[in-house]
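# Chain and residue survey
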Amino acid sequence: MKMDAEEVQQVMLERFKEAGLLPFLVRESSQVLDLGGELFAEVVLADRTRLDEASNLMRLVLKSAGRDEKNYSLVVRSKWSIADIGDPTPAYGQNGQVRAAVLIPVTLRSGDEDASVTVAVTTLAEMEFNRILGRKADLGQVARIVVESALRRSGSSFWDPITENYL
């Protein structure tokens, strides 16, 4: 007999507790939904280093719930936070010439793992920020806003700063 979404979520919590993963689970972002007979499970962890363990455990939970890979979708992802924003540096093209942009390095953290992301702000964008604000824009704050926006969207787009590290 197949378990419904609520039962799967309860078993997931029990198994995560037994495996010591419950402290890493971001409950308010994790969910199990029934999409007309197919389950959608999204598991969000506060520590990227635990993703493989959580993925394997969740597949076992879904299998024990009477689900095969044809009638569920599983997304296991990590929650990132901004750890540091570096100073802007000039951007250079492939030929070594200076580009009309600056690059701002941003370090993200999920548990014990860090990821580096680069935010490019074009000179035209910087001029527009300065015009709108009526003063010189803080490009570090611009980078923060861009990265925070990407992190907020990750629930719908599943942005992974490890594989997509240029904004």
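One can find the structure itself at the top, above this paragraph.
To keep things clear, this report deals only with the structure shown in the data block. Everything numeric here is computed off the predicted structure, so don't read it as measured data.

So, on to the overall build of the protein. Helix and strand content of the protein: four helices and seven strands. In sequence order, the secondary structure elements of the protein are arranged as α-β-β-α-β-β-β-β-β-α-α. For 167 residues, the compact-globule estimate of 2.2 N^0.38 gives 15 Å, and the protein exceeds it by more than 25% at 20 Å. For the protein, the spread of C-alpha atoms along the principal axes amounts to about 65 × 35 × 30 Å. Here the protein holds 167 residues, and 36% of them are scored as buried. Both charge centroids of the protein, one from 20 positive and one from 25 negative side chains, sit 2 Å from each other.

Along a regular strand, successive side chains alternate from one face of the sheet to the other. Burial runs high along strand β2 (residues 38-45): seven of the eight residues are buried. Here five bridges tie strand β1 (residues 31-35) to β2, and the two strands are oriented antiparallel to one another. In the strand pairing of β2, V32 is matched with A41. Where β1 folds back onto β2 in an antiparallel hairpin, the turn is made up of two residues, including G36, whose phi is positive at roughly 70°. As defined by bridge partners, β2 adjoins strand β3 (residues 72-78) across seven bridges and the pair is classed as parallel. Bridged to V43 within β3 is V76. Regarding the hand of the β-α-β motif, the stretch spanning β2, helix α2 (residues 51-64) and β3 is right-handed.

In terms of nonpolar packing, the biggest core is built from 23 residues, with V8, M12, F16, L25, V43 and M58 touching the most fellow members. Mapped by element, the contributors of at least two residues to this core are α1 (5-19), β2, α2 and β3. In this structure F16 touches L21, L22, L25, V43, L45, A54, L57 and M58, once residues within four positions along its chain are discounted. Grouped together as the second largest cluster of nonpolar side chains are 17 residues, V102, A143, L151 and W159 included.

Right, let's talk about α1 for a bit. Taking 1.5 Å as the rise per residue, α1 with 15 residues should run 21 Å; its terminal C-alpha atoms sit 21 Å apart, in good agreement. Among the residues making up α1, those that are buried are A5, V8, V11, M12, L13 and F16. Elements in contact with the buried residues of α1: β1, β2 and α2. Between the side-chain oxygen of the N-cap and the backbone nitrogen of E6 there are 3.2 Å, and the N-cap of α1 in question is D4. G20, located one to two residues past α1, shows a positive phi value of around 80°.

Spatial ordering of the open sheet is given by β1-β2-β3, a layout of three strands whose pairing is mixed. Looking along the sheet, the strands with just one partner apiece sit at the ends: β1 and β3. Averaged over neighbouring strand pairs, the angle between their axes works out to 10° when direction is ignored. Along the sheet, α2 contacts β2 and β3; its crossing angle with β3, the most-contacted strand, is approximately 160°.

So, how was this worked out
- Residues numbered from 1 in each chain as written.
- Predicted model: local features only at pLDDT ≥ 70, side-chain atom pairs only at ≥ 80, totals over all residues.
- Heavy atoms only, no water.
- Helix = DSSP H or I, 4+ residues; strand = E, 2+ residues; numbered from the N terminus.
- Rg over C-alpha atoms; globule rule 2.2 N^0.38 Å.
- Buried < 20%, exposed > 50% of the residue type's maximum accessible area, 1.4 Å probe, protein only.
- Lys, Arg positive; Asp, Glu negative; His and termini not counted.
- Charge placed at Lys NZ, Arg CZ, Asp CG, Glu CD.
- Pairing = 2+ DSSP bridges.
- Right-handed = clockwise from strand over helix to strand, strands pointing away.
- Core = buried A, V, L, I, M, F, W, Y, C linked by side-chain atoms within 4.5 Å.
- Contact = heavy atoms within 4.5 Å.
- Expected span 1.5 Å × (residues − 1).
- Polar contact = N/O pair within 3.5 Å; in protein donor to acceptor, adjacent residues only side chain to side chain.
- Axes fitted to C-alpha atoms, helices over the stretch in contact; angles between N-to-C directions.

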